[in-house]
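Below, each chain spelled out in residue letters.
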Amino acid sequence: MLRVDYLAVPGLPTLSFEVAAGECLAVEGPSGSGKTRMLRALADLDPAGGYVHLDGVERSEMRGPQWRRHVRYASAEPAWWAPTGVEHFPKSARLDRLLSALALDDGHLRRPIAELSTGERQRLGLIRALVDEPRVLLLDEPTSALDTTSAAMTEELIKYQLLAERIVLLVSHDVAQIERLAHARLQLAAATTFRRSEGAAA
Amino acid sequence: MNAIPLSAVDLVLAAALLIVNGIISVVFGLRLERSLAIAAIRMVVQLAVVGYVLKFVLEQTSPVWTALVALVMVLVAGIELMQRQERRPRSWLAYGLGNATLLLAGGLATLYAATIVIGPSPWYAPRYVLPILGMVLGNTLTSISLALQTLNEGAERERSAIEARIALGATRLQAFSGLLRQSLRTATTPLLNSMAVAGVVTLPGMMAGQILAGADPSEAAKYQIMILFVLAGASGLGAFAAALGSVFLMTDARHRLRLDRLAGARRGANRNS
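Small disclaimer: the values here were computed from a predicted structure and weren't measured.

Reading the values: rules and limits
Residues numbered from 1 in each chain as written. Chains lettered and ligands numbered in written order. Predicted model: local features only at pLDDT ≥ 70, side-chain atom pairs only at ≥ 80, totals over all residues. Helix = DSSP H or I, 4+ residues; strand = E, 2+ residues; numbered from the N terminus. Buried ≥ 20, exposed ≤ 12 C-beta atoms within 10 Å, placed from the backbone. Contact = placed C-beta atoms within 7 Å. Domains from an automatic or database assignment. Nonpolar A, V, L, I, M, F, W, Y, C, P; charged D, E, K, R; others polar. Core = buried A, V, L, I, M, F, W, Y, C linked by C-beta atoms within 7 Å. Axes fitted to C-alpha atoms, helices over the stretch in contact; angles between N-to-C directions. Parallel < 35°, antiparallel > 145°, perpendicular 65-115°, else oblique. Left-handed = near helix turned anticlockwise from the far one by under 90°. Expected span 1.5 Å × (residues − 1). Pairing = 2+ DSSP bridges. Bend = angle between axes of the 7 residues up to and from the residue.

Turning next to the overall build of chain A. In terms of regular secondary structure, chain A is built from seven helices and 10 strands. Dimensions of chain A along its principal axes, counting C-alpha atoms only, are 45 × 35 × 30 Å. Relative to its full complement of 202 residues, chain A shows a buried share of 40%. Considering only contacts in chain A between residues 6 or more positions apart, those separated by 24 or more positions represent 69%.

Residue and element names in this part refer to chain B. Split by domain assignment, chain B resolves into domain 1 (7-60) and domain 2 (62-261). Counting from both sides, the interface comprises five residues of domain 1 and, opposite them, seven residues of domain 2. Tallied by class, residues from the side of domain 1 that touches domain 2 come to four nonpolar, one polar and no charged.

The next thing to look at is the nonpolar core. In this structure, Leu138 and Leu170 of chain A together with Ala147 of chain B are the most contacted members of the largest nonpolar core, which totals 98 residues. The leading source of residues in this core is helix H5 (residues 126-157) of chain B, at 14 residues. Setting aside its immediate chain neighbours within four residues, Leu138 of chain A contacts Leu39, Leu42, Ala43, Val71, Arg72, Tyr73, Ala74 and Leu169 of chain A.

Attention shifts here to the packing of helix H9 (residues 205-212) of chain B against helix H10 (residues 217-250) of chain B. All names here are of chain B. Taken N-terminus to C-terminus, the directions of H9 and H10 make an angle of 155 degrees; their axes are 9 Å apart at the nearest point. Taken together, the axes of H9 and H10 are roughly antiparallel relative to one another. Helix-helix and strand crossings are classified by hand; for H9 and H10 the assignment is right-handed. For the pair H9 and H10, the contacting residues are Met206, Met207, Gln210 and Ile211 in the first and Pro217, Ala220, Ala221, Tyr223, Gln224 and Ile227 in the second. Of the residues assigned to the contact of H9 with H10, the class counts are eight nonpolar, two polar and no charged.

Residue and element names in this part refer to chain B. Its 20 residues give helix H1 (residues 8-27) an end-to-end C-alpha distance of 29 Å, which sits within 8% of 28 Å, the value for a rise of 1.5 Å per residue. With respect to burial, H1 is a largely exposed element, only zero of its 20 residues being buried. Just past H1, the residue Gly29 takes up positive phi, approximately 60 degrees.

With that settled, consider the pairing of strand E4 (residues 49-54) of chain A. It is a general feature of regular strands that their side chains alternate between the two faces of the sheet. Residue and element names in this part refer to chain A. Here strand E1 (residues 2-8) pairs with E4 via five bridges, running antiparallel. Bridge pairing links Leu2 to Leu54 in E4. Between E4 and strand E5 (residues 57-58), which pair antiparallel and follow one another directly, the connecting turn spans two residues, one of which, Asp55, has a positive phi of 50 degrees.

Here the focus is the interface of chain A and chain B. By a widespread convention, an interface's size corresponds to the accessible area lost as its parts come together. On the chain B side, the residues contacting the 24 residues of chain A number 19 residues. For the side of chain A that touches chain B, the elements supplying multiple residues, two or more each, are helix H1 (35-42), helix H2 (64-70) and strand E6 (71-74) of chain A. For the side of chain A that touches chain B, the class distribution of residues is 10 nonpolar, six polar and eight charged.

Residues and elements named next belong to chain B. Note on placement: Leu151 falls in helix H5. Between the alpha carbons of Leu151 and Leu184 there is a distance of 8.9 Å; along the sequence they are 33 residues apart. When residues no more than four places from it in sequence are discounted, the contact partners of Leu151 are Leu179, Ser183, Ala243 and Ser246.

A separate point is the pairing of strand E3 (residues 24-28) of chain A. All names here are of chain A. Of all the five residues making up E3, four are buried; the element is thus mostly covered by neighbouring parts of the structure. The sheet contact formed by E3 and strand E8 (residues 167-171) spans four bridges and is parallel. For Leu25, the partnering residue across the bridge sits in E8 and is Leu169. Sheet topology note: the E3/strand E9 (residues 184-188) ladder contains four bridges and is parallel. When the sheet's bridge partners are listed, Glu28 is paired in E9 with Gln187.

All names here are of chain B. Counted at 1.5 Å a residue, the expected span for helix H8 (residues 177-197) with its 21 residues is 30 Å, and the 31 Å between its end C-alpha atoms agrees. By the largest-angle criterion, Thr188 marks the main kink of H8, which is about 30 degrees, and a proline, Pro190, follows within four residues. Within the sequence span of H8, burial applies to Leu179, Leu180, Ser183, Leu184, Ala187 and Leu191. Those residues of H8 that are buried lie in contact with H5 and H10. Residue Gly199 follows H8 closely and has a positive phi angle near 85 degrees.

Attention shifts here to the sheet that holds E5 of chain A. Residues and elements named next belong to chain A. Across the sheet, which stays open at both edges, the four strands sit in the order E2-E1-E4-E5 with antiparallel pairing between neighbours. The sheet is open, and its two borders are formed by strand E2 (15-19) and E5, each paired with just one other strand. Examined bridge by bridge, E4 and E5 share two bridges and lie antiparallel to one another. Its bridge partner being in E5, Leu54 is matched across the sheet by Val57.

Glancing now at the packing of helix H3 (residues 63-83) of chain B against H5 of chain B. Relative orientation and spacing of two packed helices are given, respectively, by the angle between their axes and the distance between those axes. Residues and elements named next belong to chain B. Viewed as axis vectors pointing N to C, H3 and H5 meet at an angle of 15 degrees, and their least axial separation amounts to 10 Å. Classed by the angle they form, the pair H3 and H5 counts as roughly parallel. H3 and H5 meet at a crossing whose hand is right-handed. Between H3 and H5, the residues in contact are Thr66, Val69, Ala70, Met73, Val74, Ala77, Glu80 and Leu81 and Pro126, Val129, Leu130, Leu133, Gly134, Leu137, Leu141, Ile144 and Ser145, respectively. When the residues that make up the contact of H3 with H5 are grouped by side-chain class, the tally is 13 nonpolar, three polar and one charged.

Dropping the structure here:
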C-alpha cells in the first residue's frame, strides 16, 4: 500500500491519501493544478516535505535510486538518451510480451527514436517504465497521444498491472478512461481547496 | 649560454608591431583600439611584476616563498576558471571546486615532475617548480573549463533525458555517464592537438624559450616531451575531478537533478499540469 501523509509540494496544499495494492487512484484537476508536480514529488524527483510510505517503508529509508525502482514516474512525453529504442531496455522475454501487448515489435526498437510517431514513442516510454515491474506506477497522461485502439490496449495493460497487485496513480483528461480504470479520485484544484471523492466505478 | 638582454628601446620597437594591429582596428572600424591598449598595458604590468617577484623568489630558494607564490597562482587560476563558465553553481562551492581541482591536478603533477622526474636540489627549487606549475595550471585550466562547459550545457540541454534515467532508478553517475564521457573527451582534445602538432606546426613555448636562452635544442626537446606528458596527466586528472564534482553539485544526496543550483539556469519549468 502507498500511504501519503502531509505531502508538501511547493505551491500545492498539503496532501494525504492512501492507495491500496491493486488499486488505481485517478488524479484530476485543471492544467496548472500540480498533477505532474505531485507525481514527480511522489517519485522523489523533486524535493517535497511530508511522508510517503510504500508497504510501511518511508522513502527516506531508501536511497533515492532504490525508491524510484519501486515508485516509477512515467512522463507523458518520455525522453530518450540514445538514438534507438533498443539501448534503453534490458533484453528480456518480458520486454517482448510488453511490446506485443501494445502492438509494437523489435523493428520499433531498432528504428531511430526520432523516426517513430509520437504515439509509438509514448507506448515505448510506458513499456520502459513497466519492464522492471515497479510496485507503484505514476502514469502522467499515458494515452494522450494515442488513437482509440492503442489507448484501449494501454488500458488493458494498466488493468493487468492492477491485477498483479501493483498500485497505479493515473493522470488523465479522459473522463471515460478514469471511469473505467480508477477506484478512487483525487481532485486537485487550481485554488487552495481540494477534496477526495470515493467510489468511482472500478 | 645566455640570451642577449633586451633594453627598454627594444621593447618599444616590438610594441610598434602592436600599433599595426591598432591601425587595422581603426581602418576597419573594429573598435578594438581601446581593448588592445588596455590588454597590452595590463600584460606589460603583469609580466613586469611577475618578473620581479620571480627574481626575488628565485634568489630566496625558500619553501615558504615558493609555496606562497604557488598558492596565489592556484587562486587566480581558480577565479579565472569560474569567470569562464556561463552557468556555474550559485555558491562558493563552485570556486571551491575550481580551486580544489586545480590544486589537486596542478599540485600532484608539478610535485611529481619536480621531485621524481627532474629531481632538483632542494626539491622545492622555485626555478623548476614555479614555471612547471604555471604551465600545468594554464593547460589544466583550459581542459577543466572545457569539461565543465560541456557538462553544464549538456545537462541543461538533455535535462529531460537525464531525468528519465533518474526516474527509472539510475544513480546520478549512471544518469550522467554519457555526458561525463563526452565532457572528458572534449577536455582532452586540445592536448591531443598540441601533442600532434608539437615541433611540426608549432614550436612549443617552453622549448622555444630554452633555445632562445641558449640551451641545446635536443635538451630543450627532452624538457618539452617531459612537460607534455605532465600536462597530459594533469589536465586529464583535473578534468575528471572537476566533471565529477560538478555532477555532484548539480544533483543532491537523493540523486535528484537539481539544475536550480546552476546560476543563470532557466527556472525549473513547470511541466504540463
